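# Secondary and tertiary structure notes
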Amino acid sequence: NVIELKESPIAGMKAIKTPAELEHYREIFLKTDIVVSRVIAWLNQNLEYGVKVSEKAFSDKVKELFAEEGATGLSFEPIAASGKNTAIIHFTTPDENKFIEAGELVLLDCGGYFEGVYATDQTRTFLAGGSGAQVWQKKVYTAVLKGFLRGINFEIAEDTTGFDIDAAVREIVNANKPEGFEFSHGTGHGVGIMVHEAPPRIGSSEASKAPLKVGMVFTIEPGLYNEKFGGVRIENTVAIA
């Protein structure tokens, strides 16, 4: 008899990473960290010397640095947004005429593929120029950071689900957010050969209620956004060991 499967059994097996795969992940996320650190330093140095940098130039520099670190390709087109554009969750059209100004927020969401064919995914939101944050910027960043820390420090039990983590993160973010800012996406997603994989799901849907298992790799990425001001997102990829 032919039996219809609601979900692919391969997806479930693929979600559980082996120790060798997890070790590879540590190596390629170190390279991703280096890319992000280098491009932030590059931008701030240019601003310090009065050199104009557009969103497009910033995005191109991200791609260049991934290649220098040995990436064979990008996980996705970098999200390189500044100012009010940081409120656009999937901003993949960096403007060559939008120059990044000191004191405004910059949101960089990026990742790469390396020799082991696994994707990386990481987001950092920072202040261009490194100083002079406005009160609203501090409040929004602090609210997102508190939620992020709640997520990555969540105590995992045998029956913990992505729904549980999302609820805990969302509670903290919503309790601390300034008026007018919204956490308008899930808390995370699985990562593997594809940068977005399921299972696991870290969100408020029924599909997120499946128990998390040792070896799963997924993101924790709360964010807050207001189209009149901008947005903040912080994202790390984590594993259950």
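Residues numbered from 1 in each chain as written. Predicted model: local features only at pLDDT ≥ 70, side-chain atom pairs only at ≥ 80, totals over all residues. Heavy atoms only, no water.

With that settled, consider the packing of helix α4 (residues 135-152) against helix α5 (residues 162-176). Contact geometry of α4 with α5 gives a least axis separation of 8 Å together with a crossing angle of 160 degrees. In terms of orientation, α4 lies roughly antiparallel with respect to α5. The interaxial crossing formed by α4 with α5 has right-handed handedness. Here Lys 139, Ala 143, Lys 146, Gly 147, Arg 150 and Gly 151 of α4 lie close against α5, whose contacting residues are Ile 165, Ala 168, Val 169, Ile 172, Val 173 and Asn 176. (Axes fitted to C-alpha atoms, helices over the stretch in contact; angles between N-to-C directions. Helix = DSSP H or I, 4+ residues; strand = E, 2+ residues; numbered from the N terminus. Parallel < 35°, antiparallel > 145°, perpendicular 65-115°, else oblique. Left-handed = near helix turned anticlockwise from the far one by under 90°. Contact = heavy atoms within 4.5 Å.)

Mapping Glu 104 onto the fold places it in the loop between β2 (79-82) and β3 (105-110). Accessibility expressed as a relative area gives 15% for Glu 104, which makes it buried. When the C-alpha positions of Glu 104 and Ala 239 are compared, they lie 32 Å apart, and in sequence the two are 135 residues distant. When residues no more than four places from it in sequence are discounted, the contact partners of Glu 104 are Ser 82, Gly 83, Lys 98, Phe 99, Phe 126, Leu 127, Ala 128 and Gln 137. A distance of 2.8 Å separates the side chain of Glu 104 from the side chain of Lys 98, its partner in a polar contact. (Buried < 20%, exposed > 50% of the residue type's maximum accessible area, 1.4 Å probe, protein only. Polar contact = N/O pair within 3.5 Å; in protein donor to acceptor, adjacent residues only side chain to side chain.)

Glancing now at the pairing of strand β8 (residues 217-220). Side chains Val 217 and Thr 219 project from β8 onto one buried face, and the interleaved Phe 218 and Ile 220 project onto a second face that is buried too. Two strands pair when backbone bridges link them, and β8 and strand β11 (residues 236-239) are joined in this way by four bridges, in the antiparallel orientation. Among the inter-strand pairings, Phe 218 is bridged to a residue of β11, identified as Val 238. (Pairing = 2+ DSSP bridges.)

Formed by 27 residues in total, the largest nonpolar core has its most connected members in Leu 43 and Phe 58. Looking at this core, the elements that each hand over two or more residues are α2 (19-48), α3 (55-68) and β3. Among the elements that make up this core, the one with the highest residue count is α2 (10 residues). In contact with Phe 58, not counting residues within four places along its chain, are Val 39, Trp 42, Leu 43, Val 53, Ala 80, Ile 100, Val 106, Leu 108 and Phe 126. The next biggest cluster of nonpolar side chains, apart from the first, holds 24 residues, and it includes Ala 15, Phe 148, Ile 202 and Phe 218. (Core = buried A, V, L, I, M, F, W, Y, C linked by side-chain atoms within 4.5 Å.)

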